[in-house]
Amino acid sequence: MSEIVESELLAGVPDGLFVAGEWRPSSDGGTLDVHDPATGAVIRTIASASVADGRAALDAACDAFETWSRTSSRERAEVLRRAFDLLVARTEEFALLMTLEMGKPLAEARGEVAYGGEFLRWFSEEAAHVQGRYGANPEGTGRMIVTQHPVGPCFLITPWNFPLAMATRKIAPALAAGCTVVVKPAALTPLTTLYVAKLFQDAGLPPGVVNVITTSHSGDVSDAIISDPRLRKLSFTGSTPVGQALLKQAANGVLRTSMELGGNAPFVVFDDANLDRAVDGAMAAKFRNIGQACTAANRFIVHASIAEEFARRVTERVAGLKTGRGTEEGVTIGPLIDDRAVAKTRELVDDAVARGASVRTGGTAIDGPGSFYRATVLSDVQPGSDILREEIFGPVLAIVTFTSEDEAVSIANDTEYGLVSYVYTESLARGQRMIERLATGMMGLNVGVVSNAAAPFGGWKFSGLGREGGAEGIHEYLQTKYTLTANPFA
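Residues numbered from 1 in each chain as written. Predicted model: local features only at pLDDT ≥ 70, side-chain atom pairs only at ≥ 80, totals over all residues. Heavy atoms only, no water.

## As for the sheet that holds strand β21 (residues 442-445)
Note the threshold: Here, a strand pair is defined by DSSP locating no fewer than two bridges between the strands. Each helix corresponds to a stretch of at least 4 residues labelled H or I by DSSP, and each strand to a stretch of at least 2 residues labelled E; elements are numbered beginning at the N terminus. Axis definition: a line fitted to C-alpha atoms, limited for helices to the stretch in contact. Angles are taken between N-to-C directions and run from 0 to 180 degrees. Here, two residues are considered to be in contact whenever any of their heavy atoms come within 4.5 Å of each other.
Read across the open sheet, the seven strands follow the order β14-β17-β18-β13-β12-β20-β21; overall the sheet is mixed. At either margin of the open sheet sits one strand with a lone partner, and together these are β14 (358-361) and β21. Strand-to-strand twist in this sheet, taken as the mean axis angle between neighbours without regard to direction, amounts to 25 degrees. Bridging between strand β20 (residues 420-424) and β21 involves four bridges; their strand directions are parallel. In the strand pairing of β21, valine 420 is matched with methionine 442. Against the sheet, helix α10 (residues 275-287) contacts β12 (265-269), β13 (297-303), β17 (376-379), β18 (396-402) and β20, and its axis sits at roughly 170 degrees relative to β12. The strands touched by helix α11 (residues 307-319) are β12, β13, β14, β17 and β18; relative to β14, the strand with the most contacts, the crossing angle is about 45 degrees.

## So, the pairing of strand β8 (residues 181-184)
Our working rule: Three labels apply to residues, based on accessible area from a 1.4 Å probe with only protein chains included: buried if under 20% of the type maximum, exposed if over 50%, partly exposed otherwise in between. Call a crossover right-handed when, viewed with both strands pointing away from you, the route from the first strand across the helix to the second goes clockwise.
Every second residue of β8 is oriented toward a common face, with Val181 and Val183 on one face and Val182 and Lys184 on the other, all of them buried. As paired strands, strand β7 (residues 154-157) and β8 are joined by four bridges and run parallel to one another. Bridging across to β8, isoleucine 157 finds its partner in lysine 184. One ladder, built from three bridges, connects β8 with strand β9 (residues 210-212); its direction is parallel. Counted as the bridge partner of valine 181 is valine 210 from β9. Once you follow β8 into helix α7 (residues 191-202) and on to β9, the crossover reads as right-handed.

## A word on the pattern of salt bridges
Stated formally: By definition here, a salt bridge exists when the distance from a side-chain nitrogen of Lys or Arg to a carboxyl oxygen of Asp or Glu is within 4 Å.
One pass over the full model with this rule turns up 31 salt bridges. One network of salt bridges, in which partners are shared, links Asp271, Asp272, Glu405, Asp406, Arg430, Arg433 and Arg437.

## So, helix α3 (residues 73-89)
Side chains of residues three or four places apart in an α-helix project in the same direction, reflecting 3.6 residues per turn. Filter applied, for reference: The length a helix should cover is 1.5 Å for every residue beyond the first. The reported arc concerns the directions from the helix axis to the C-beta atoms and nothing else.
The terminal C-alpha atoms of α3, which comprises 17 residues, lie 24 Å apart, in line with the 24 Å expected from a rise of 1.5 Å per residue. Of all the positions in α3, only Arg76, Ala77, Val79, Leu80, Ala83, Phe84 and Leu87 are classed as buried. Within α3, the buried residues cover an arc of 160 degrees as seen down the axis, which keeps them to one side. What points out from α3, more than 90 degrees from its buried face, is the exposed set Arg74 and Ala89. Buried residues in α3 make contact with α2 (51-70), α4 (91-102), α5 (106-126), α6 (165-177) and α7.

Spelled out as structure tokens, the structure:
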């Protein structure tokens, strides 16, 4: 892509807040700069919402709720389908925009467009499938009617690492259920969400149904929205500590909550695994999105009898990865989101090495411009290393060994997190046992990527509450009403 195309694209991204179907500046004139992590350069300056702007966005969502909630499911579905069709047509625009503001290689950005689009298509199809039930009560004295209703105005807080998919994964089920929303994207990658708002506007979505506020004052703006008694639902994707703080705030209003939080995914390779498939899966599970994913494999738990061969094979693959700006041909490892992420990755690697780990390849940051860290493989990682306890969120593959199935399960479950696990084995019985024994909300059995719009995404323990995607996803935005009517035959 040429610079002129990049410039034209960026110029076409709205720089205002999207409230009540209109683009507007911040009420106090505040702005925030968006940087390209591959160069450090400012690529766009946009409005930064004030507390008053956040309240205005919630006002718009509340005003639009009654009409949108009464809109037929077919009409809601058609809006979502139009948005899907427009997204497909604008794949290259969205892919380049994500690469510019987040850093992921263009090929991966195109994959995110496809993945994010599937939530629009899936929930356009789910909108008309919300069902209740009717029947006599056991005593025969009346008839029970159970119905589902939209929960109300929602506040959706999305992360920086998948700026398109995390927006559509929350917006689509909310709209399908009949809810209206205020979306607050991460300040590091807000441009994609603003472009999504424009997409919905072009798809004919009524004013106020989707509102987007970008801000550098996240805490103050979010506090005002969450404390408003009109808000009925909070959905957040991000770190566990922030999620815990938001849950405490949400408790005051007894809000419905969905929390997709941190992960510490184990990737278990048994001695009977197909190593070719296991290495392929490891590359996908670790280095997708430059390792900056809550689903990224964090701990590679490999049987001692094959650990050296596994390490040799992955090291050969990782050493061949090309690092650079995501718009460059052949790049597979883009920049981390900022210099703080580089510093955190360096700290985790240095701690592991100090405790006895061996660096097979990589292991160092790359001098700027840009926020780059070399794709890294560590073997012989020792118990107690920080890298085994903390989410890496960088391109580092850390290997530990085990000798028995019970030991593998113990290591895998030795974490407060429980989002996803990966297991490679050719034994059907062992695979079934791992489904039962690993304490995670999702699992990949002989596969390295599990995310799918048709599947319920979510974790156990400190990895969160609720599910996004699948038939379960729309129910996060619905509430149940039971009505008892008199016996019509009495």
